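Per-entry structural report
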Amino acid sequence: MSISVGDKVVIDIEKIVYGGEGLGFVNDFAVFVPMTVPGDKVEIEIISKKKTYARGIITKLLEAGAERIEDTSKISFEDFHGCDFGMLNYESQLKYKTELVKDVMEKIGGVKDVLVSDIVGADEEDTHNYRNKVIEPFALDKNKKIITGMFKRKSHEVFEVKENMLSSHLANKVINIVKTMLNKSKISVYKEKEHRGLLRHIMVRTNSKNEAMLVLVLNAKKVFRDIEEFLKNVYDSIDEVKSVYVSLNNEITNVALGKENIHLFGDKYLKETINGINFNISPNSFFQINVNQTKKLYDIGISFFDDINDKYIVDAFSGTGTIGMILSKNAKKVYSIEIIKEAVKDGIRTARENGIENIEFITGDVNKELLNLIEKGKRVDAVIFDPPRKGIEGDSLIKLAKHKINEIVYISCNPSTFARDSKILIEEGYKLEKIQPVDMFPQTNHIEVVGKFSLIK
C-alpha cells in the first residue's frame, strides 16, 4: 500500500523523535505525526509526502498510549495551545527529553562516553503558567468580536485561548480584561493583508511579585488621544498593572514590537530579583521567560566552574548580563559581551543600581570581541557561553581553543548545535566532562543543556 497526500490511514506510534513528533510506519514507510505518544493507535490524514517519509495529523485517537494525559479528547496543536508535548504526562516529558539529548549527542556530537544526567524538571506548580512574557496578535472573529490568541500551525489565522496553559495567570487575566474593554470601544484591529487598522499585538510582562507591564502595539506613527484615554482606564482598573506602554509599529513585518516604545503610565520598569540582584525589565529587555527554572539553570552553570574566586571570566552572549553579575560576586573581574545595544544598556544600569563594579560591558559580536579581548593581552581564565539557537561560529571556537582557556561552560537552548560545537571543542583539545539538561519550557519539546569543558593538559 502506497500513501498519498489526503489519504487517511491507521498507524501505531512507536517512538518520539528529536523535534517532538511521534514516529510510526505504513508498510515500512516512515510517517511523522505531531501530538502523538508511543503506544497511540491513531487515524491520521497525510498532509505531506517526501521520498523517504510522510507527515500526518491525527483525525481520531483510537487507542491512547500509557503516557498520554488523562484527557484523551485533546488531540490537536490548538487543543494544547501550541504546546507540542502537552499530550504527554510530565514524568514522560522529562524522560524523553533526557533520551533526546543523549541521542543527539551521540549522532551529531559523536559523544558516547559522557554521562548525560537526568534532566532537571520544574516543580509541580511551575509546569504550567510559567511564562512571564506573553505576546498575542489581535484579530476579529466571524462575529467581528476582537480576539487575541495564537497563530494556527503554519498559518496566520488566529485562534483564541482565554486561559493559555503557559502564560502566567496574571497575564491571562490582564489580556482578558483588556479584550473585554476593547470590545466596548471603537478601536480598529490591524488587518495584515490591507496593512490597515490599529491594534496589532498585546504584550504583557509579569514578575514574581504579581505585577504586570502592559504594552499595546499599534499600527501608527503617534499615540492617539482615544488610545491614551483607553489605556488610562485600563491602568486605573487593574491594580496589578504597574506600567503601561504603547509600541508604534507601522511597518510591514512579522516583528511584534516597533522601534519606538512610549511610556504612558506608572513605572518605567518592572523589577525582578535573581540571586539577590535586582533587574529592571523594559518592553525590549531580554529576560528569561521562566524565572524559577532560570535560577536552577544559572546555579548549575555557575557550579560547573571548579573555582570562581579571583578569576577573570567572560560572560559571552550575555544578554542583560545576568550570569555575569551573579559571577561577579566571587570573580575578580567579569567581561560581559553582547551584540544587542539595548540589552547592554539594561545591564549597565542594573550593575550600577546594584553597586557591581567588577564587570565590564562590551557591545559587539562575541565571535570577534572575545578573541579581541584575549589578543589584547587581557587575562581570561574561563568563559561561559549562552548563545542563540544557531550556536557559535566554528572558526571562532577553533581560534578560541588555540588560546587554551582552561574552563568553558556552555549553556545551550539547542542540543543539536551544542552537540555540533562539542565535537569541535573535543577535536581542539577539550574534554567534555558533564552534561546537564534543564527543562526550561515544560509542555514543549524545547530543551536547555549545560556542558562543562576542560582543557586537556
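Just above sits the structure.
The notes below deal with the structure included here. (Residues numbered from 1 in each chain as written. Predicted model: local features only at pLDDT ≥ 70, side-chain atom pairs only at ≥ 80, totals over all residues. Heavy atoms only, no water.)

The secondary structure content of the chain amounts to 9 helices and 21 strands. Whereas a compact globule of 457 residues would reach a radius of gyration of roughly 23 Å, the chain reaches 24 Å, a difference of no more than 12%. Projected onto its principal axes, the C-alpha coordinates of the chain cover approximately 65 × 65 × 40 Å. Counting over 457 residues, the chain shows a buried share of 55%. Residue pairs in contact within the chain that sit at least 24 positions apart in sequence constitute 62% of those at least 6 positions apart. If you sum the accessible surface of the chain, you get close to 21400 Å²; carbon and sulfur atoms cover 47% of it. (Helix = DSSP H or I, 4+ residues; strand = E, 2+ residues; numbered from the N terminus. Rg over C-alpha atoms; globule rule 2.2 N^0.38 Å. Buried < 20%, exposed > 50% of the residue type's maximum accessible area, 1.4 Å probe, protein only. Contact = heavy atoms within 4.5 Å. Areas by Shrake-Rupley, 256 points an atom, 1.4 Å probe, with all protein chains shown as cover.)

Before going further, it helps to examine helix H4 (residues 291-303). Relative to the 18 Å expected for 13 residues at 1.5 Å per residue, H4 spans 18 Å between its end C-alpha atoms, a close match to the ideal helical length. Within the sequence span of H4, burial applies to Val291, Gln293, Thr294, Leu297, Tyr298, Ile300, Gly301 and Ile302. Considering only its buried residues, H4 is in contact with strand S13 (270-274), helix H5 (322-327), strand S19 (407-412), strand S20 (430-438) and strand S21 (448-455). (Expected span 1.5 Å × (residues − 1).)

Its identity is not glycine, yet histidine 81 carries a phi of approximately 55°, on the positive side. Mapped onto the fold, histidine 81 is located in the loop between strand S5 (53-63) and helix H1 (90-107). Although it is not a glycine, aspartate 310 sits at a positive phi angle of roughly 65°. Here aspartate 310 is to be found in the loop between H4 and strand S15 (312-316).

Here we take up the sheet that holds strand S4 (residues 41-49). Strands in a sheet are paired, the pairing made by backbone hydrogen bonds, and the direction either parallel or antiparallel. Spatially, the 5 strands close up into a barrel ordered S1-S2-S3-S5-S4, and their pairing is mixed. Neighbour-to-neighbour, the strand axes of the sheet open up by a mean angle of 50°, direction not taken into account. Across 3 bridges, the pairing between strand S1 (residues 8-16) and strand S2 (residues 22-26) is antiparallel. Bridge pairing links isoleucine 13 to glycine 24 in S2. (Pairing = 2+ DSSP bridges. Axes fitted to C-alpha atoms, helices over the stretch in contact; angles between N-to-C directions.)

Residue placement: asparagine 233 occurs in helix H3 (residues 225-237). Once the C-alpha coordinates of asparagine 233 and glutamate 163 are considered, the two residues, 70 residues apart in sequence, prove to be 23 Å apart.

Of all hydrophobic cores here, the largest spans 110 residues; its most connected members are Val31, Val314, Leu327, Leu370, Phe385 and Ile435. Other than its neighbours up to four places away in sequence, leucine 327 contacts Ile302, Phe305, Ile308, Ile313, Val334 and Ile384. Core analysis: the second largest hydrophobic core is formed by 33 residues, Val178, Ile187, Val189 and Ala212 among them. (Core = buried A, V, L, I, M, F, W, Y, C linked by side-chain atoms within 4.5 Å.)

Turning our attention to the packing of H1 against helix H9 (residues 415-427). Their axes nearest at 9 Å, the elements H1 and H9 cross at an angle of 35°. Once H1 is placed against H9, the crossing between them reads as right-handed. Listed contacts from H9 to Val101, Val104 and Met105 of H1 are Pro415, Ser416, Phe418, Ala419 and Ser422. Residue classes in the contact of H1 with H9 are distributed as 6 nonpolar, 2 polar and no charged. (Left-handed = near helix turned anticlockwise from the far one by under 90°. Nonpolar A, V, L, I, M, F, W, Y, C, P; charged D, E, K, R; others polar.)

Taken N-terminus to C-terminus, the directions of helix H8 (residues 394-402) and H9 make an angle of 30°; their axes are 9 Å apart at the nearest point. In terms of orientation, H8 lies roughly parallel with respect to H9. H9 is crossed by H8, and the crossing has right-handed handedness. Residues Gly394, Leu397 and Ile398 of H8 lie in contact with H9, whose contacting residues are Asp421, Ile424 and Leu425. Among the residues making up the contact of H8 with H9, the classes are represented as 4 nonpolar, 1 polar and 1 charged. (Parallel < 35°, antiparallel > 145°, perpendicular 65-115°, else oblique.)

On the basis of which strands lie adjacent, the open sheet formed by 7 strands has the order S8-S7-S6-S9-S10-S11-S12 and mixed pairing. Where the open sheet ends on each side, the last strands, each with one partner, are strand S8 (158-160) and strand S12 (260-266). Strand-to-strand twist in this sheet, taken as the mean axis angle between neighbours without regard to direction, amounts to 35°. For strand S9 (residues 199-206) and strand S10 (residues 212-218), the ladder comprises 7 bridges, and the chain directions are antiparallel. Note that in S10 the partner of valine 204 across the bridge is leucine 214. Helix-sheet contacts for helix H2 (residues 169-182) involve strand S6 (133-140), strand S7 (146-151), S8, S9, S10 and strand S11 (241-248), and the interaxial angle to S9 is about 145°.

A word on the state of the cysteines. If you walk through the whole model with that rule in mind, you get 0 disulfides. Cysteine 83 takes part in no disulfide bond, and the closest cysteine sulfur to it belongs to cysteine 413, at a distance of 18 Å. (Disulfide = S-S within 2.5 Å.)

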